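Here are the chains, one letter per residue:
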2 protein chains.
Amino acid sequence: MVQKPSIPKGTRDFLPADVARQSYVSEIIKAQFERYGFLPIQTPSMEKTSTLQGKYGEEGDRLMFHILNSGEKIKKADLDAFEDNKLGRFTQSISEKALRYDLTVPFARFVAQHQNELAFPFKRYQIQTVWRADRPQRGRFQEFTQCDADVVGPIGPVFEAECIQLFDDVFNDLSLTGCTIRINHREILAGIAAYLDAPDQIVDFTIALDKLDKIGVEGVFDELRQKGFEEDSFSKLGPLLELSGTFLEQLDALEQMLTAHPDALAGIAHLRKVLAFVSPLQVSHLAFDLTLARGLNYYTGVIFEVAPPKSVVMGSIGAGGRYDNLTALFGLNGMNGLGISFGLDRLCLVLDELRLFPKRLTQAIDVVVLHFGDDYMSEMMPYVSSWRAAGLRVVCYPTDQKLKKQLNYANQVDAPWVVFFGEEEKEKGVVSLKNMMTGEDQFIKPEALVVRLQST
Amino acid sequence: MVQKPSIPKGTRDFLPADVARQSYVSEIIKAQFERYGFLPIQTPSMEKTSTLQGKYGEEGDRLMFHILNSGEKIKKADLDAFEDNKLGRFTQSISEKALRYDLTVPFARFVAQHQNELAFPFKRYQIQTVWRADRPQRGRFQEFTQCDADVVGPIGPVFEAECIQLFDDVFNDLSLTGCTIRINHREILAGIAAYLDAPDQIVDFTIALDKLDKIGVEGVFDELRQKGFEEDSFSKLGPLLELSGTFLEQLDALEQMLTAHPDALAGIAHLRKVLAFVSPLQVSHLAFDLTLARGLNYYTGVIFEVAPPKSVVMGSIGAGGRYDNLTALFGLNGMNGLGISFGLDRLCLVLDELRLFPKRLTQAIDVVVLHFGDDYMSEMMPYVSSWRAAGLRVVCYPTDQKLKKQLNYANQVDAPWVVFFGEEEKEKGVVSLKNMMTGEDQFIKPEALVVRLQST
């Protein structure tokens, strides 16, 4: 039966140029992770459902991909649950495993499981696929790669400073200038909520604050008003939203306003410590951002988010923060955590839009050797081997089709060089080397080819 | 709720040393694939069930992991099918996607789908995870990585010779000597079946032949007798099983015996052509093996299988062959195919057993910088950055815990060097560099550290 070939929605085929681009970015991230002493680990694509379920809130549970039990096990389907419309229980009766939803929960499980094999602080990086049954849109897929670096164990401000430096190093290596690393601290937000006499409404407060860019100061006030914030909150909040100056100047101003709120003061003091490590490094585009409130259900301290250059319309391309005791879910208590993550797909979109991918990426074949008959080709093989051993990427055309067709192939695969070996070349003991850019031909000893190509 | 952390059976966590080993092997394979002009592609982990189903025989369908439809879609469960014990139809009613079972069928789907974006011969490599609900055993997992290189389009014997050379190059790069590349040709097997007057029993014949190593010549005869082979077959078959001499000598002898069987002659002639490309390259351990009959349901020509060195008890570590028209399943006709595959997990087991992994693999951190207080550490940061920029992998200890504890950590992570920067060093404008192997300390200018470490 002939089928029209297609793939599930939200998934992608990567053609060679796509793979080259994504590898270019992930190799840079990987190299930097390693320089900062993060070690690679890998966890299974499939985790037990009990490991993942309930760890990502209701939305996460809903968007998780479940794996059907194999073979006869499916006979245990709980039809009563199905008929009672208890789809969760029905699912559990036919599925015990789910696909990884992120890399953080599997990492926590990993640390708890292997705690006796690890040295703490344990710095790990993990570049692997995750799956979410999300509605696909630009830069959002059901299957995508996360690039995470986390440390668990003893943590000091030097590590948080290193997160900032690591973001910066990766963007430098990608020649991506103009990113902004936004920073906030959960304790500062908690202190402000207390300052507004609404310590229990930190979530309402941060949700409104997060919209400042879109709806302006009055919009934020309106939203807070609806949530029951008193009018005198706004006279307190106003000046906070108008902080200006350098990072340190903003912290100074904030400190004066929040002097009665120990939470906030502790958060401010901590950010100062972090900055003390960063300043000498001259990281560019570091911004204190009071409206940054991502991941408040798990971040307990510093929060990071990286915005791409302003010329690109795109959400954050990196994020991270400090969390505590995540491994307690799996029975390992008292572990602190700190992690950052790069958005690989979005980074690729940004680099593409700004034309920052190196041109050489799509050039994957150096030489095509044309085929003038099996005898000629066979004579070439030891040379082809030596060229490959020297690192050249060489394709031998498989059959003696018309020259035009073979040259057309070399053009299609973007090979900069073509080698001929036919009667004339054999007599002379040379090969013909054709430069596909200029069209120039020259005779050359096959032993001299590598040096010739490396000299251009 | 505290959970005892564990992972599904047949899956694995990879600790840093495991990742390092597997990456070492896959990077070598990847580099060789690229030198032979194979281009990387990636396909989704999840394919439509209709793409995979029925492509791997009954066993494949049974061992495929199905993904449960998300959300409300599960309400379409076909309970009638369930109650009629039609589990296949029941599965179809709640699942539309399955996890990749191999890389070959997705590749065929990919080629048919993207045929207008590709240049033929299209040489692609793909190093990705596949999943099979197989019973786990040594070297066999439910989730594992395949390393495949295939070409579709025009194919000539030079490509088949390159497969052999590629196997050899990878094993050389791994310092793995003593592997045997076994070769056969489907047409030769077909010719022999005809020679035995049993042209339709090629499958019975090859299944019996495949057991020659285990059950001996008489055992093979017994099995064939039960399948209805005539006694006079055995007098014909005997000499075939006793071929000896070089590859070419065996082909000569075979040619004389099978002179009336054009299939066999064509297969022999083809192998000669392939060998003509290989011989000058001096590939070692190439063996003609009449009993090699893997994948006969899809291989149409040359068949390869690689056995590890005899000192290791392990199945094949590589395989491949020539197949035709695989893309026809997806509506693209007339495409020839040729591919090889490396068994990454088994290769790792073999290298481990033979102690062929380089020692440096597990050494992932070059320097640990000890922490004598945030002020000292902060002063070190610009130097730490410069060391990292030079490629060193550096961990800064996060807090000023007791020196012994910090040194213990450096030992645990196997760091060959430790850097101190405290009061004395600050006064002198140096750092202390400790060699963790010898215990030796020395003062050194921080600017001189990279050169010092590179000189050892």
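Every value quoted in this text rests on a predicted model; they were computed, and no experiment measured them. All residue numbers refer to positions counted from 1 along the written sequence of the respective chain. Here chains are named by letter from A upward and ligands by number from 1 upward, in the order in which they appear as written. Residue-level local features of this predicted model are given only where pLDDT is at least 70; pairs of side-chain atoms are given and counted only at 80 or more, and the full residue set underlies all totals for whole chains, interfaces and linings. The side-chain values count all of the structure's non-hydrogen atoms but skip hydrogen atoms and water molecules.

**Overview of the overall build of chain A**
Item 1. Summing up its helical and strand segments, chain A has 18 helices and 16 strands in all.
Item 2. As a reference, a globule follows 2.2 Å times the number of residues to the power 0.38, and the radius of gyration itself is taken over C-alpha atoms. In terms of overall dimensions, chain A is more spread out than a globule: its C-alpha atoms have a radius of gyration of 29 Å, far above the 23 Å expected for 456 residues.
Item 3. Along the first, second and third principal axes, the C-alpha set of chain A runs to 95 × 65 × 45 Å.
Item 4. Only protein chains enter the area calculation, which uses a 1.4 Å probe; residues under 20% of their type maximum are buried, those over 50% are exposed, and those in between are partly exposed. In chain A, which comprises 456 residues, the share counted as buried stands at 57%.
Item 5. For chain A, the proportion of contacts with a sequence separation of at least 24, taken over those separated by at least 6, is 68%.
Item 6. The Shrake-Rupley method, run with a 1.4 Å probe, gives the accessible areas here. Residue values count only the displayed protein chains as cover. Accessible surface, chain A: about 19400 Å² in total, of which carbon and sulfur atoms supply 48%.
Item 7. Note on charges: Lys and Arg go in the positive column, Asp and Glu in the negative column, and His and the chain ends are not counted at all. Just so you know, the charge point we use is NZ for Lys, CZ for Arg, CG for Asp and CD for Glu. Computing the positive centroid from 49 side-chain charges and the negative centroid from 61, chain A places the two 5 Å apart. A helix here means a DSSP run of H or I that spans at least four residues, while a strand means a run of E at least two residues long, and both kinds are numbered starting from the N terminus. Any pair of residues with heavy atoms lying within 4.5 Å of one another is described as a contacting pair.

**Observations concerning the packing of aromatic side chains**
Item 1. Centres within 6.5 Å make a pair out of two Phe, Tyr or Trp rings, where for Trp the six-membered ring is used; the pair is then stacked when the planes are under 30 degrees apart, edge-to-face when over 60, and tilted otherwise. Using the criterion set out here, one finds 36 aromatic pairs over all chains in the structure.
Item 2. Centre to centre, the rings of tyrosine 24 of chain A and phenylalanine 357 of chain A are 5.9 Å apart; their planes meet at 65 degrees, and the pair counts as edge-to-face. Placement of the pair is tyrosine 24 of chain A in helix α1 (residues 16-35) and phenylalanine 357 of chain A in the loop between α14 (344-353) and β12 (367-369), with a sequence separation of 333 residues.
Item 3. Phenylalanine 357 of chain A sits in the buried class, given a relative accessible area of 14%.
Item 4. Each ring, one from tyrosine 376 of chain B and one from phenylalanine 421 of chain B, has its centre 6.0 Å from the other, and the planes form 80 degrees; the classification is edge-to-face. Within this pair, whereas tyrosine 376 of chain B is found in helix α15 (residues 374-389), its partner phenylalanine 421 of chain B is found in the loop between β14 (417-420) and α17 (423-428), the two being separated by 45 residues in sequence.
Item 5. Here the aromatic residues Phe33, Phe38, Tyr125, Phe167, Phe171, Phe304 and Phe342 of chain A are joined through ring pairs into a cluster of three or more.
Item 6. Only when the NZ atom of a Lys or the CZ atom of an Arg is both within 6 Å of the ring centre and within 35 degrees of the ring normal do we say a charge sits over the ring. Over the ring of tyrosine 101 of chain A we find arginine 132 of chain A; its NZ or CZ atom is 4.3 Å from the centre of that ring.

**Side note on the relation of the copies chain A and chain B**
Item 1. Superposition of chain A onto chain B requires a rotation of 180 degrees combined with a translation of 0.0 Å along the rotation axis, giving an RMSD of 0.1 Å. This pairing of chains is accounted for by a two-fold axis. Relative to the rotation axis, the closest C-alpha in chain A is found at isoleucine 67 of chain A, a distance of 2.3 Å.
Item 2. A shared interface surface links the copies, since 100% of the contact residues of chain A are contact residues in chain B too. Only residues with pLDDT of at least 70 in both copies contribute their C-alpha atoms to the least-squares superposition of the copies.

**Describing the packing of helix α9 (residues 202-209) of chain B against helix α10 (residues 212-226) of chain B**
All names here are of chain B.
Item 1. Each axis is a line fitted through C-alpha atoms, and for a helix only the stretch in contact is used; angles between axes span 0 to 180 degrees, taken between their N-to-C directions. Their axes nearest at 8 Å, the elements α9 and α10 cross at an angle of 145 degrees. Residues Asp204, Phe205, Ile207, Ala208 and Leu209 of α9 form the contact with α10, whose own contacting residues are Leu212, Val220, Glu223 and Leu224.
Item 2. Throughout this entry, Asp, Glu, Lys and Arg are counted as charged residues, while Ala, Val, Leu, Ile, Met, Phe, Trp, Tyr, Cys and Pro are counted as nonpolar. The remaining residues, Gly among them, count as polar. Looking at the contact of α9 with α10 residue by residue, the classes come out as 7 nonpolar, no polar and 2 charged.

**Describing helix α11 (residues 231-241) of chain B**
An α-helical segment advances 3.6 residues per turn. Residues three or four places apart therefore align on the same side.
Item 1. All buried positions along α11 of chain B are accounted for by Ser233, Phe234, Leu237, Gly238, Leu240 and Leu241 of chain B. One side of α11 of chain B holds all its buried residues, which, seen down the axis, span an arc of 165 degrees. The reported arc concerns the directions from the helix axis to the C-beta atoms and nothing else.

**So, a negative patch on the surface**
Item 1. Where like charges cluster on the molecular surface, the negative patch consists of Asp80, Glu83 and Asp84 of chain A together with Asp80, Glu83 and Asp84 of chain B.
Item 2. Residue assignment for the negative patch shows that the elements contributing at least two residues are α4 (79-83) of chain A together with α4 (79-83) of chain B.
Item 3. The residue aspartate 80 of chain B is located in helix α4 in this model. Exposure above 30% relative accessible area and no salt bridge define the residues that can form patches, which grow by joining like charges within 9 Å and nonpolar side chains of Val, Leu, Ile, Met, Phe, Trp and Tyr within 5 Å. By convention in these notes, a salt bridge is any Lys or Arg side-chain nitrogen within 4 Å of a carboxyl oxygen on Asp or Glu.

**With respect to the interface of chain A and chain B**
Item 1. Counting residues at the interface gives 109 residues for chain A and 109 residues for chain B.
Item 2. Our enumeration of links across chain A and chain B arrives at 4 salt bridges.
Item 3. Residue aspartate 13 of chain A is joined to arginine 109 of chain B by a salt bridge in which the shortest nitrogen-to-oxygen separation is 2.5 Å.
Item 4. Among the elements that make up the side of chain A that touches chain B, the one with the highest residue count is helix α15 (residues 374-389) of chain A (8 residues).
Item 5. Among the residues forming the side of chain A that touches chain B, the class breakdown is 61 nonpolar, 28 polar and 20 charged.

**A few points about the domain arrangement of chain A**
Item 1. In this document the domain limits rely on a domain assignment from an automatic tool or a database. Partitioning chain A into structural domains gives domain 1 (16-44 + 102-353) and domain 2 (363-454).
Item 2. Centre-to-centre separation of domain 1 of chain A and domain 2 of chain A, based on C-alpha positions: 52 Å.

**What to know about the pairing of strand β15 (residues 431-435) of chain A**
Residues and elements named next belong to chain A.
Item 1. Judged by how many residues are buried, β15 sits mostly within the fold: 5 of 5 residues are covered.
Item 2. A two-sided burial pattern is seen for β15, the buried positions comprising Val431, Leu433 and Asn435 on one face and Ser432 and Lys434 on the other.
Item 3. Strand pairing is assigned whenever DSSP detects at least two bridges linking the two strands. Across 4 bridges, the pairing between strand β14 (residues 417-420) and β15 is antiparallel. Bridge pairing in β15 places valine 419 opposite leucine 433.
Item 4. Judged from the 4 bridges that link them, β15 and strand β16 (residues 441-444) form a sheet pairing that is antiparallel.

**Describing unusual backbone geometry**
Item 1. Note the cis peptide between phenylalanine 120 of chain A and proline 121 of chain A, where omega equals 0 degrees.
Item 2. Position of proline 121 of chain A relative to the elements: it lies in the loop between α6 (104-113) and β5 (122-131).
Item 3. At aspartate 197 of chain B, a position not held by glycine, the phi torsion is positive, near 60 degrees.
Item 4. Within the element layout of this structure, aspartate 197 of chain B appears in the loop between α8 (186-195) and α9.
Item 5. A relative accessible area of 59% places aspartate 197 of chain B in the exposed class.

**A short note on the packing of helix α1 (residues 16-35) of chain B against helix α7 (residues 157-173) of chain B**
Residues and elements named next belong to chain B.
Item 1. Closest axis-to-axis distance for the α1/α7 pair is 10 Å, and the angle between their directions is 140 degrees. Viewed along their axes, α1 and α7 adopt a mutual orientation that is oblique. Crossing geometry of α1 relative to α7 is assigned as right-handed. Taken together, the residues of α7 that come into contact with α1 (itself represented by Tyr24, Ile28, Ile29, Gln32 and Phe33) are Leu166, Asp169, Val170 and Asp173. In these notes the angle categories are as follows: under 35 degrees is roughly parallel, over 145 is roughly antiparallel, 65 to 115 is roughly perpendicular, and the rest is oblique. The handedness criterion is simple: a crossing whose near helix is rotated anticlockwise from the far helix by less than a right angle is left-handed, and one whose near helix is rotated clockwise is right-handed.

**What about the environment of alanine 328 of chain B?**
Item 1. Note on placement: alanine 328 of chain B falls in the loop between β10 (318-324) and β11 (336-343).
Item 2. Between the alpha carbons of alanine 328 of chain B and alanine 112 of chain B there is a distance of 8.1 Å; along the sequence they are 216 residues apart.

**A short note on the pattern of salt bridges**
Item 1. Using the criterion set out here, one finds 50 salt bridges over all chains in the structure.
Item 2. Between aspartate 197 of chain A and lysine 236 of chain A there is a salt bridge, with the nearest N and O atoms lying 3.4 Å from each other. Here aspartate 197 of chain A, found in the loop between α8 (186-195) and α9 (202-209), pairs with lysine 236 of chain A, found in helix α11 (residues 231-241); they are 39 residues apart in sequence, far enough to count as distant.
Item 3. Given a relative accessible area of 23%, lysine 236 of chain A falls into the partly exposed group.
Item 4. Here arginine 272 of chain A makes a salt bridge to aspartate 252 of chain A, at a shortest N to O gap of 3.0 Å. Taken together, the residues span a long stretch of sequence, with arginine 272 of chain A in helix α13 (residues 262-278) and aspartate 252 of chain A in helix α12 (residues 247-257) at a distance of 20 residues.
Item 5. Within this structure, Asp13 of chain A together with Glu47 and Arg109 of chain B form a network of salt bridges that share partners.

**Here's the deal with the environment of glutamine 42 of chain B**
Item 1. Inspection of the secondary structure assignment puts glutamine 42 of chain B in the loop between β1 (39-40) and β2 (46-48).
Item 2. Discounting residues that sit within four places of it in the chain, glutamine 42 of chain B has contacts with Arg12, Asp13, Phe14, Val19 and Gln22 of chain A together with Gln126 and Gln128 of chain B.

**What about the side chain of glutamine 22 of chain B?**
Item 1. Within the secondary structure, glutamine 22 of chain B is located in helix α1.
Item 2. Nitrogen and oxygen atoms within 3.5 Å of one another constitute a polar contact, given that in protein one can donate a hydrogen and the other can accept it, and given that sequence-neighbouring residues count only through two side-chain atoms. Separated by 3.3 Å, the side chains of glutamine 22 of chain B and aspartate 345 of chain B make a polar contact.
Item 3. Setting aside residues no more than four positions away along its own chain, glutamine 22 of chain B makes contact with Gln42 of chain A together with Phe14, Thr145, Leu344, Asp345 and Cys348 of chain B.

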